[in-house]
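# Descriptive analysis of the structure
Okay, here's what each chain looks like letter by letter:
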Amino acid sequence: MVAMQQSSAASSSSTAMEDDDYEPPLMATYKHLLDSHPHRLDVVDHRSDAADADEEECFLPVIDLSSLLLQHQHKQSSGAEAAAAEQCRASIEQAAAEWGFFQVTNHGVPQALLDELHQAQVAVFRRPFHLKACQPLLDFSPESYRWGTPTATCLEQLSWSEAYHIPTTNTTAPAATAGDDDDKTRLVVEEVSTAMSKLAQQLAEILVADLGDSIGEDTAVVSRSTCFLRLNRYPPCAAPSGAYGLCPHTDSDFLTILHQDGVGGLQLVKAGRWVAVKPNPGALIVNVGDLLHAWSNDRYRSVEHRVMASAARERFSVAFFLCPSYDTLIRPRCGAGGPPRYESFTFGEYRNQIREDVRLTGRKLGLQRFRKPE
C-alpha cells in the first residue's frame with residue numbers, strides 16, 4: 001500500500017497542541033491542497049460517476065474456510081470432507097483470478113481477539129499527537145508512526161490517515177519497561193500478527209500450488225523479517241472536496257489480510273469502475289499483491305483499491321502484509337499462461353523502484369516497470 005511518512009511539520013505543529021489533542025494536524029498541513037481542488041475526488045475519476053459513486057456497492061465473494069480447517073485437524077479425511085476442501089481451494093483460486101479480492105469466514109482468527117485489538121488500537125491512536133509523533137509505541141521504532149503524505153503535491157496524492165507500521169520481527173521482543181497496558185497491547189498485536197500470518201501463508205500455499213509451486217517458512221518466499229502489520233486510523237474529513245483516506249494503489253506484497261470496522265470506505269476497481277466494498281462483520285478481506293500477480297504471470301489479479309475518508313466518522317482497520325525476503329526472485333510461472341509477461345526481479349529491486357518512482361513522479365508505477373513489451 002502507499003507509504004505515509006511523518007511530516008517535518010510534526011514538532012512545530014504539536015507544540016501548540018494540548019495533551020488531549022490526538023488528531024494529527026492534517027487540515028493545517030494540507031489545507032492548501034484541499035482548497036485548490038474544485039471538485040469531489042470520488043467523482044472526478046473517469047471510472048466514477050457523480051450519480052452513483054456513493055451508492056454502488058459490491059459484495060465480494062465470501063469463502064467459508066471451515067472445510068480446510070477440518071481437513072487440517074484430521075489427518076485422514078472422509079471423501080465428503082476431501083471434496084469440500086477441494087471445492088474451497090477452487091473457490092479461492094477463482095476469486096483471486098476474477099476479483100483479486102475476496103472475503104473469508106471461519107478463518108481461524110478469533111473474533112474476540114480482533115475485538116481486543118480494536119480496543120487497543122483505539123487507545124493507541126487516542127494518545128496525544130505530540131507523543132505519537134515523538135515517542136515510539138512500546139519499543140517499536142520511532143519511524144513506525146506515520147501520518148499524511150509529506151511528498152504530496154496535489155490532493156490526489158494525499159492519504160488522510162495515520163498509521164503504525166509494525167514489522168513482525170518487533171512483535172515478539174518484550175519491552176523492558178512495559179506497564180500492564182503496554183504488555184496487553186504487545187500481546188494482542190503479537191497474537192493477531194501470528195494468526196494472520198498463518199492464514200496468509202495457508203491461502204498463499206493454495207494459490208501457488210495451482211501454479212505448480214510451494215511456499216513456506218523454509219523457503220525465501222515468506223520472510224518474517226519483511227512481513228508487517230499495519231494499524232490504520234482514518235480521521236473524518238469534512239472538506240467539500242473530500243479526501244482519500246488511502247490513495248488509489250495496489251499492494252506491493254504477496255498477499256494481504258485485512259480486518260475493517262463497519263464504517264466502510266474501501267473501494268476497488270471492478271470492470272473498469274470504482275465500487276464500494278460493503279463491510280461484512282466476522283469476515284476478513286484477502287487481496288492479491290503485485291508479487292503474486294507477477295509470479296502467476298497475470299493469472300491472479302492485484303487490483304487497484306482506495307479508501308475514501310468519511311465526512312463525519314473515523315474508520316479503523318488492521319492489515320497484515322505477507323512479504324518475501326528482499327532477495328527473493330519473482331519469476332513469472334509460465335505454466336500459468338506463458339510466455340512470461342514480466343522480467344524477473346527481486347522484492348528488494350521492486351521496493352527500490354517504487355521508492356524512486358514516488359520520488360520522481362509522486363506516484364507508484366508498480367509492475368508496469370517490469371512488464372515485457374507485447
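Residues numbered from 1 in each chain as written. Predicted model: local features only at pLDDT ≥ 70, side-chain atom pairs only at ≥ 80, totals over all residues. Heavy atoms only, no water.

## Remarks on the overall build of the protein chain
Along its length, the protein chain carries 10 helices and 15 strands. Every one of the 374 residues in the protein chain was classed for burial, and the buried ones make up 50%. Taking the intrachain contacts of the protein chain between residues at least 6 apart in sequence as the baseline, contacts between residues at least 24 apart amount to 79%. Working note: accessible area of the protein chain is about 16,500 Å², and carbon and sulfur atoms make up 51% of it. (Helix = DSSP H or I, 4+ residues; strand = E, 2+ residues; numbered from the N terminus. Buried < 20%, exposed > 50% of the residue type's maximum accessible area, 1.4 Å probe, protein only. Contact = heavy atoms within 4.5 Å. Areas by Shrake-Rupley, 256 points an atom, 1.4 Å probe, with all protein chains shown as cover.)

## A word on the state of the cysteines
The tally for this structure, following the rule as stated, stands at zero disulfides. Cys 154 forms no disulfide, and the closest cysteine sulfur to it belongs to Cys 247, at a distance of 8.4 Å. (Disulfide = S-S within 2.5 Å.)

## Digging into the sheet that holds strand S9 (residues 266-270)
Reading across from one edge, S1-S10-S9-S12-S7 is the order of the five strands in this open sheet, with mixed pairing throughout. Single-partner strands in this sheet number two, and they are strand S1 (57-58) and strand S7 (244-249). (Pairing = 2+ DSSP bridges.)

## Overview of the pattern of salt bridges
Evaluation of the coordinates by the stated rule reveals 13 salt bridges. With a shortest N-O distance of 3.0 Å, Arg 371 and Asp 298 are connected by a salt bridge. Residue Arg 371 is found in the segment after helix H10 (347-361), and its partner Asp 298 is found in the loop between helix H9 (290-295) and strand S12 (305-308); the two are separated by 73 residues along the sequence. The class for Arg 371 is partly exposed, based on a relative accessible area of 31%. Taking relative accessible area as the criterion, Asp 298 reaches 22% and is therefore assigned partly exposed. Within this structure, Glu 23, Arg 126, Lys 132, Glu 162, Arg 233 and Glu 314 form a network of salt bridges that share partners. (Salt bridge = Lys/Arg side-chain N within 4 Å of Asp/Glu carboxyl O.)

## A look at the side chain of His 165
Among the secondary structure elements, His 165 is positioned in strand S5 (residues 162-167). The class for His 165 is buried, based on a relative accessible area of 17%. Setting aside residues up to four positions removed in sequence, His 165 forms contacts with Ser 144, Arg 146, Phe 228 and Leu 229.

## Topic: the pairing of S12
Residues in a regular strand project their side chains so that they alternate between the two faces of the sheet. In S12, alternate side chains face the same way, and those of His 305 and Val 307 on one face and Arg 306 and Met 308 on the other are all buried. As judged from the three bridges shared by S7 and S12, these two strands associate in the antiparallel manner. Counterpart to His 249 in the pairing with S12 is His 305. Relative to S12, S9 is paired through three bridges, and the arrangement is antiparallel. Across the sheet, the residue bridging to Leu 266 is Val 307, located in S12.

## Some points on helix H2 (residues 26-35)
Taken as a whole, H2 has its buried residues at Leu 26, Thr 29, Tyr 30, Leu 33 and Leu 34. Buried residues along H2 cover an arc of 130 degrees about the axis, so they all sit on one side. In H2, the exposed residues that point more than 90 degrees away from the buried face are Ala 28, His 32 and Asp 35. Packed against the buried residues of H2 are strand S4 (145-147). (Arc of directions from axis to C-beta.)

## Here's the deal with the nonpolar core
Counting residues in hydrophobic clusters, the biggest one holds 99 residues, and the most contacted among them are Leu 65, Ile 92, Met 196, Leu 255 and Ile 257. Ranked by residue count, the leading element in this core is helix H8 (residues 180-209), at 12 residues. Excluding residues within four positions of it along the chain, Leu 65 makes contact with Cys 88, Ile 92, Val 104, Thr 105, Asn 106, His 107, Leu 199 and Leu 203. (Core = buried A, V, L, I, M, F, W, Y, C linked by side-chain atoms within 4.5 Å.)

## So, H10
Here H10 is 15 residues long and its end C-alpha atoms lie 21 Å apart, about the 21 Å a rise of 1.5 Å per residue gives. Among the residues of H10, Phe 347, Gly 348, Tyr 350, Ile 354 and Asp 357 are the ones counted as buried. Looking at the buried residues of H10, the elements they touch are H9 and strand S15 (345-346). Taken from the residues just after H10, Gly 362 is the one with a positive phi, measuring 85 degrees. (Expected span 1.5 Å × (residues − 1).)

## Section: the pairing of strand S3 (residues 101-105)
Where burial is concerned, most of S3 is hidden: four out of the five residues are buried. In the sheet, strand S2 (residues 62-64) pairs with S3 via three bridges, with the strands oriented parallel. Following the sheet pairing, Val 62 is matched in S3 by Gln 103. Where S3 meets strand S11 (residues 284-288), four bridges bridge the pair, whose relative direction is antiparallel. The partner of Gln 103 across the bridge, within S11, is Ile 285.

## Digging into the packing of aromatic side chains
Under the definition given, this model contains 12 aromatic pairs. Aromatic side chains Phe 129 and Trp 147 sit 5.5 Å apart centroid to centroid with 90 degrees between the ring planes, which places their arrangement in the edge-to-face category. Of this pair, Phe 129 sits in helix H7 (residues 129-134) while Trp 147 is found in strand S4, placing the two residues 18 residues apart along the sequence. Across the pair, exposure class does not vary: Phe 129 and Trp 147 are buried alike. Counting every residue linked through ring pairs, the aromatic cluster contains Tyr 30, Phe 125, Phe 129, Tyr 145, Trp 147, Tyr 164 and Phe 316. (Phe/Tyr/Trp six-rings, centres within 6.5 Å; stacked < 30°, edge-to-face > 60°.)

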